[in-house]
Amino acid sequence: MKSAVVAVVGRPSAGKSTLVNALCGAKVSIVSAVPQTTRNPVRGILNTEGAQLVLIDTPGFHLSKRKINTYMAGIVSSTLQDVDIVLYVVDGSRPGGEEEKGISEAVRNSGKPTVLCLNKKDAASGVWAQVRENAILSLPKAVVFEVSARSGKGLGALRNELVRLSPDGEQMYPPDYYTDQTPEFRVSEIVREKVTLSTREEVPHAVYVRIEDVEMRDDGATLWARGFICVERESQKGIIVGRGGDRIRNIVHDAEEELSEIFPWKVKLDIRVKVDREWRKRDPLLKKMFK
Ligand SMILES: Nc1nc2c(ncn2[C@@H]2O[C@H](COP(=O)(O)OP(=O)(O)OP(=O)(O)O)[C@@H](O)[C@H]2O)c(=O)[nH]1
Ligand SMILES: [Mg+2]
């Protein structure tokens with residue numbers, strides 16, 4: 001038996017979460033076109049014959065001095081220390097720049113066996129060859145794969161290489177697990193994804209979702225979750241609620257539908273929108289959020 005912990009790192013929107021979901025064969029981590037959708041490490045478990053890989057999806061590595069960004073960059077660096085393998089995801093469809101240099105340096109400095117995954121092959125443009133060359137120059141020892149996380153192309157070979165690099169070891173989770181997230185966290189993430197998909201500009205970044213409690217009802221047929229969508233300003237609250245409550249109703253409906261597929265129960269949500277101006281600046285809250 002082989003087993004490994006794999007850090008999945010890369011710039012915001014490189015396709016890390018899409019890749020983790022595709023490799024695990026289940027929706028483990030939320031996805032959107034908004035950079036920095038993932039805010040904390042999310043574990044997905046890939047079970048294959050003879051191997052178990054624990055993939056840690058990380059927040060996009062973003063060069064910025066804002067507190068939330070330095071916090072997330074810190075998460076990436078500390079995750080790199082604790083893993084067996086690094087899966088470095090590079091968006092091959094757009095130029096890299098300083099940010100890509102920063103992350104490839106962090107990957108190189110980790111000294112871990114590294115798999116370089118050039119993603120979005122389906123959307124490859126004129127920059128592909130250049131991005132590929134830069135990535136190889138910055139990480140000459142890494143094995144390179146060209147894939148589309150969206151279509152699944154190239155993922156079989158990538159998975160085989162991850163297994164090949166894995167050390168011998170025992171399973172860390174039962175073989176039918178594909179994630180270790182708590183129900184509260186999964187619910188809050190899916191709600192946040194639906195908010196992100198139905199709002200624009202600064203709103204997705206101004207939101208966090210807190211699920212206060214989950215409870216089984218109807219003799220074990222329905223999971224009720226109660227919590228809040230928190231935003232920083234009244235105006236953002238108005239956007240999320242929408243005219244006559246339209247938007248929040250749609251958000252809750254979409255989240256309930258998806259959660260009812262993820263969990264073996266019908267999921268019902270009781271979600272309020274409230275203003276919490278300081279959530280992004282308050283360290284203890286960030287720590288709680290990112291634990
Ligand atoms: N065309 C194409 N788009 C992709 C592919 N993989 C991911 N995307 C899209 O890229 C966007 C970002 O995907 P995510 O998986 O959320 O990226 P991420 O790296 O996890 O982003 P952060 O969590 O924000 O750091 C989404 O719109 C995805 O649908 C791919 O292989 N091809
Ligand atoms: Mg992500």
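Rules and cut-offs
- Residues numbered from 1 in each chain as written.
- Chains lettered and ligands numbered in written order.
- Predicted model: local features only at pLDDT ≥ 70, side-chain atom pairs only at ≥ 80, totals over all residues.
- Heavy atoms only, no water.
- Buried < 20%, exposed > 50% of the residue type's maximum accessible area, 1.4 Å probe, protein only.
- Helix = DSSP H or I, 4+ residues; strand = E, 2+ residues; numbered from the N terminus.
- Near = heavy atom within 4 Å.
- Polar contact = N/O pair within 3.5 Å; in protein donor to acceptor, adjacent residues only side chain to side chain.
- Areas by Shrake-Rupley, 256 points an atom, 1.4 Å probe, with all protein chains shown as cover.
- Nonpolar A, V, L, I, M, F, W, Y, C, P; charged D, E, K, R; others polar.
- Donors = N, O, S within 2.8 Å, 3.2 Å for Na, K, Ca; no water.

## So, unusual backbone geometry
In this structure, Gln36 takes a positive phi of about 65° despite not being glycine. Taking relative accessible area as the criterion, Gln36 reaches 16% and is therefore assigned buried. With phi around 75°, Lys120 is a residue other than glycine that occupies positive phi space. Its location among the elements puts Lys120 in the loop between β5 (114-119) and α4 (128-138).

## Describing the site of ligand 1
Taken together, 24 residues form the shell around ligand 1, and within it Lys16, Thr18, Gln36, Thr37 and Asp122 come nearest. A distance of 2.6 Å separates an oxygen atom of ligand 1 from a polar atom in the backbone of Gln36. A distance of 3.2 Å separates an oxygen atom of ligand 1 from a polar atom in the side chain of Asn119. When ligand 1 is considered free in solution it has 660 Å² of accessible area, and contact with the protein chains removes 92% of it. In terms of residue count, helix α1 (residues 16-24) provides more of the shell around ligand 1 than any other element does, three residues in total. Taken together, the residues of the shell around ligand 1 break down into eight nonpolar, eleven polar and five charged.

## Some points on the coordination of the magnesium ion (ligand 2)
Protein coordination of the magnesium ion (ligand 2) is provided by Ser17 (OG) and Thr38 (OG1), with donor distances spanning 2.0 to 2.1 Å. Here Thr38 lies in the loop between α1 and β2 (42-48) and Ser17 lies in helix α1, a separation of 21 residues in the sequence. For the pair Ser17 and Thr38, a shared accessibility class is recorded, and that class is buried.

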